[in-house]
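Here is what each chain is made of, one letter per residue.
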Amino acid sequence: MDFPIYHLDLMGNRLLVAVIAILHVLINHGLAVGLIPLVAAMEWYGARKGDPRWDRLARRILFFAFLITTTVGALTGVGIWLSTSLVNPASIGSLIRVFFWGWFIEWLVFITEVVLILWYHLTWESWQGARKAAHIRLGFALAVFSWVTMAIIVSILGFMMDPGNWLTDHSLWSGFTNPIYLPQLAFRTALALCFAAMVALMLILFFTRRDDPFRYQAVRAVSVFALATGPFVVLAGWWYASVVPETMLANLATGLATMQFEEWQDRLFLGMIGAAALVMGVAQLGVWRPHWVPRLGLLVPLVAVMWLTGHFERVREFIRKPYVIGQYMYANGLRVEDYPLYQSKGLLPYATWTYPLSQAETAAIPAGASVTDVQAGKDVFMIACTRCHTANGVNAVRGHFQRMLGDDPWTPDKTMDTLAYMHEARPFMPPFPGSPAELAQVALYIQTLQSVTEPLAGAQSAGVKLREEAR
Amino acid sequence: MTPVPHDLPLGLPAPVGVLTAVLVGFFLMHILFVTMMVGGMMMVLVAQIRGLKDKAWDHIAHDLAATITVNKSIAVVLGVGPLLAINTLYTVYFYTANALTGSFWILIVPLVAGAFLLTYAHKYLWGRLPVWLHLGLILVVMAIFAFVPLIFLVNVTLMLTPDRWGEVQGFWDAAMLPNVWTRYAHFMLSCPAMAGLMVVWLYRRKADQDRAQVIRMGYRWLLGPTLAQFVVGPLALITLPPTPGSQGLAVAIFLGSILVAAFLCLVAWGELKRPDALIGQGFPLVAGAMVVILVLMGGARHLYREAALSDHRAAVAAKTEAFRAESEAARTNP
């Protein structure tokens, strides 16, 4: 809480992390973890059969994967750190302290992975004949290293959902072997292979000619691969769902869509099943009648599997709420164990920064209200609310109160109870962290917000000031 | 009044010395590849323009372009370790600087990813694009490569000045902090110098007919900017903000690096005077001097960082401990 607060009021902070992280996961699963073993297998198969067409196809697919993974893939990986350090520095800072050595080892594996993909790509033409076997081994080694990087990171993702024994012994090993780790790793491994098969099918249709019989041979082989992964996706998905803590499953309805779309849950489930069935159906068609698989038609199952993967990430992010690190840190970046202190003495005595009221906010201060109280209310709002909410953008506080109270004045007597007990009605919300006086102050600031339509500025544009009490 | 925020109440995962070694050691490796990448791009641009009239230069530009994509891949991965270490060692300082310059900090991701994609387009579409478009690609990449280091420099400068955190308003305001632009100039000059050295290394054992010509070019790229550093380097040194702790050792090391740089220039000058058949033989000496300079710079920067922050870090640690104790008391005696 003691970092200057970066805030995006229109798109919301969570969306920034989500866009970067989901893009990274799509590239990592679809083009690295899943695709590299497929490429290496194609190269091996081509060498075994003495058929250079497999070799050419594998090389072209690798080139595509190489271009994307070493540019957008690598940068979005770093971007997850950069964006989370802005949006929730307390959370990423804590994770780094717990998992430093895990991340360090992952980094060494990542260096190896990059060296291997450069080596694999750049030696494709020169390592022919007697050296082909070594080149194929290089491909499989790259596949293993790609998987290991994911295997390490998945432990951190599992930890964020359920830290397990780490909560009592604070050891890296306890954090690493959290209860969700292996099921999630199994699910992601199977999903990555299935996803990659869809990517490969699409690429085959771009990299081969319609009148080339090899196209259909390749489509059939990759479709068999996709079909083989399907049962594992289902089994590992079931295993994963079975270890998600009960309290998280209670959030699932809202996790699958936003609150106002809760009633769409059944339809959404059907959509997910439909998407999965579509993927399997196209794979089955690829085995049965490969020449019937249309190039553009393949976009549909590819988009479906991307949607499934992205949505899975979104649900994972949401159902761990109200925590960002299960039972250790709330989504607002405040530690659970510090709540007794904050709720008795207040948040602001322990805050270094203040976020001066803008001209519009000052002009909107209700008659009779003290500027000092509204200012304190804004500071509490920045700390307690803005990690998930905006004032006027996505998931806006103004929008929520407008729906609840309409155009009546949002006076504190109407909003304080909502703020004080919202976590009971909505289990994905953290309890209000501050003192009773701060609850009244934040309610006063929300009343001020009723007529302020301008975006709420973050530290990146308005700067911060040192609180008087912190001087 | 200097703000003293409290840190995360979790211990460091490794001894400070280990984290410092990871930070400084791997950062030097990272910056080596970054400078070769940025400088290499400058060199490709120049060679490509000369290649419009002389095909031999176009051939050299094409050869050099192949190094950019390899250097960029290695530069990115080598940057992750130091980022991990700085996140851990300087959590309060680094995250505060990130937040205060956040709009530009996050731009690093799309800018660099876009530049890398364009770099591949430039390399793999060689000879298949109209000249203006091919040159346009490299100019855009060059502009991005020139801007991104400024974002990093603003951050690492701002993190060392807690007394300014309550004053800056956005990235450009922070960019006006003392030392940012002199240090930026210092960095940008190091890029062509390092690329020059890389080219000498690449060509010194080649049987290419252009070997001597390219090695001379490399040495000229090394020598010119390094001579300019004799002006820019001391400017970067004297614009360093004053620190609560002593800067004596850091400044002594910086001055020491000037002597090594003078030696490097002398050897490089001697290399330029050699006949074609012998040019390149002095490379190990020049490269060794450059490594020494890099290590001295990295060490001195760390000493300066400690001089700037050690007192403040002690205050932050004391405040964090007081907070932790108060929180525990509130938990046990509600």
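Definitions and limits used
Residues numbered from 1 in each chain as written. Chains lettered and ligands numbered in written order. Predicted model: local features only at pLDDT ≥ 70, side-chain atom pairs only at ≥ 80, totals over all residues. Heavy atoms only, no water. UniProt positions renumbered as here; feature names shortened; annotations may be inferred. Helix = DSSP H or I, 4+ residues; strand = E, 2+ residues; numbered from the N terminus. Domains from an automatic or database assignment. Contact = heavy atoms within 4.5 Å. Buried area = accessible area lost by both parts, 1.4 Å probe. Salt bridge = Lys/Arg side-chain N within 4 Å of Asp/Glu carboxyl O. Polar contact = N/O pair within 3.5 Å; in protein donor to acceptor, adjacent residues only side chain to side chain. Nonpolar A, V, L, I, M, F, W, Y, C, P; charged D, E, K, R; others polar. Phe/Tyr/Trp six-rings, centres within 6.5 Å; stacked < 30°, edge-to-face > 60°. Buried < 20%, exposed > 50% of the residue type's maximum accessible area, 1.4 Å probe, protein only.

- Where an unreviewed UniProt entry is consulted, chain B appears under the name Cytochrome C, with the organism given as Stagnihabitans tardus.

- If you check an unreviewed UniProt entry, chain A appears there as Cytochrome c from Stagnihabitans tardus.

1. Observations regarding the UniProt feature "transmembrane region" (unreviewed entry) in chain B
All names here are of chain B.
Then comes step 1: Those places that UniProt annotates as "transmembrane region" (unreviewed entry) correspond, in this numbering, to residues 20-47, 74-96, 102-120, 132-161, 181-202, 222-242, 248-270 and 282-304.
Then comes step 2: Structurally, residues 102-120 comprises 89% helix and 0% strand, and the distance from its first C-alpha atom to its last is 28 Å.
Then comes step 3: Overall, residues 132-161 shows 90% helix and 0% strand. The separation of its end C-alpha atoms is 44 Å.

2. Some words on the UniProt feature "domain: Cytochrome c" (unreviewed entry) in chain A
Then comes step 1: The sites that UniProt annotates as "domain: Cytochrome c" (unreviewed entry) are residues 372-450 of chain A.
Then comes step 2: Along residues 372-450 of chain A the backbone is 63% helical and 0% strand, and the end-to-end C-alpha distance reaches 18 Å.

3. Details of the domain arrangement of chain A
Residue and element names in this part refer to chain A.
Then comes step 1: Taken domain by domain, chain A consists of domain 1 (13-330) and domain 2 (339-470).
Then comes step 2: Each of domain 1 and domain 2 was reduced to a C-alpha centroid, and the two centroids are 39 Å apart.
Then comes step 3: Taken residue by residue, the interface counts 11 residues in domain 1 and 11 residues in domain 2.
Then comes step 4: Overall, the association of domain 1 and domain 2 removes approximately 1100 Å² of surface from exposure, summing both partners, and the carbon and sulfur fraction of that is 60%.
Then comes step 5: Taken together, domain 1 and domain 2 are joined by zero salt bridges.
Then comes step 6: Linking domain 1 with domain 2 are two residue pairs in polar contact (both at pLDDT 80 or more), by the criterion used here.
Then comes step 7: Here the side of domain 1 that touches domain 2 is built from residues that sort into six nonpolar, three polar and two charged.

4. Observations concerning the UniProt feature "transmembrane region" (unreviewed entry) in chain A
Residues and elements named next belong to chain A.
Then comes step 1: UniProt's feature table lists "transmembrane region" (unreviewed entry) at residues 15-40, 61-82, 94-119, 140-161, 181-207, 219-241, 268-288 and 295-312, given in the numbering used throughout.
Then comes step 2: With 100% helix and 0% strand, the stretch residues 140-161 has end C-alpha atoms that lie 32 Å from each other.
Then comes step 3: Secondary structure content for residues 295-312 is 78% helix and 0% strand, while the C-alpha to C-alpha distance between its ends is 26 Å.

5. A few points about the interface of chain A and chain B
Then comes step 1: Between chain A and chain B, the residue contacts involve 64 residues of the former and 65 residues of the latter.
Then comes step 2: Both sides together, the interface formed by chain A and chain B hides about 5600 Å², and carbon and sulfur atoms give 74% of it.
Then comes step 3: Sorting the residues of chain A by area buried against chain B places A:Leu75, A:Arg97 and A:Trp107 first, and these three jointly supply 15% of that buried surface.
Then comes step 4: Put simply, chain A and chain B have three salt bridges between them.
Then comes step 5: Here B:Asp7 ties to A:Arg97 by a salt bridge, and the two come within 3.0 Å at their closest N and O atoms.

6. A word on the packing of aromatic side chains
Then comes step 1: On inspection of all chains with the given rule, the structure shows 37 aromatic pairs over all chains.
Then comes step 2: With a centroid separation of 5.0 Å and 85° between ring planes, the pair formed by A:Trp54 and A:Phe214 is classed as edge-to-face. Of the two residues, A:Trp54 is situated in helix 3 (residues 52-87) and A:Phe214 in helix 9 (residues 213-243); the sequence distance between them amounts to 160 residues. We note that A:Trp54, like A:Phe214, is buried.
Then comes step 3: Ring centres of A:Trp107 and B:Phe26 lie 4.7 Å apart, and the angle between their planes is 85°; this geometry places the pair in the edge-to-face category. Here the residue A:Trp107 occupies a position in helix 4 (residues 89-122), and B:Phe26 occupies one in helix 1 (residues 16-51), the pair thus bridging two chains.
Then comes step 4: Taken together, A:Phe100, A:Trp101, A:Phe104, A:Trp107 and B:Phe26 form an aromatic cluster joined through their ring pairs.

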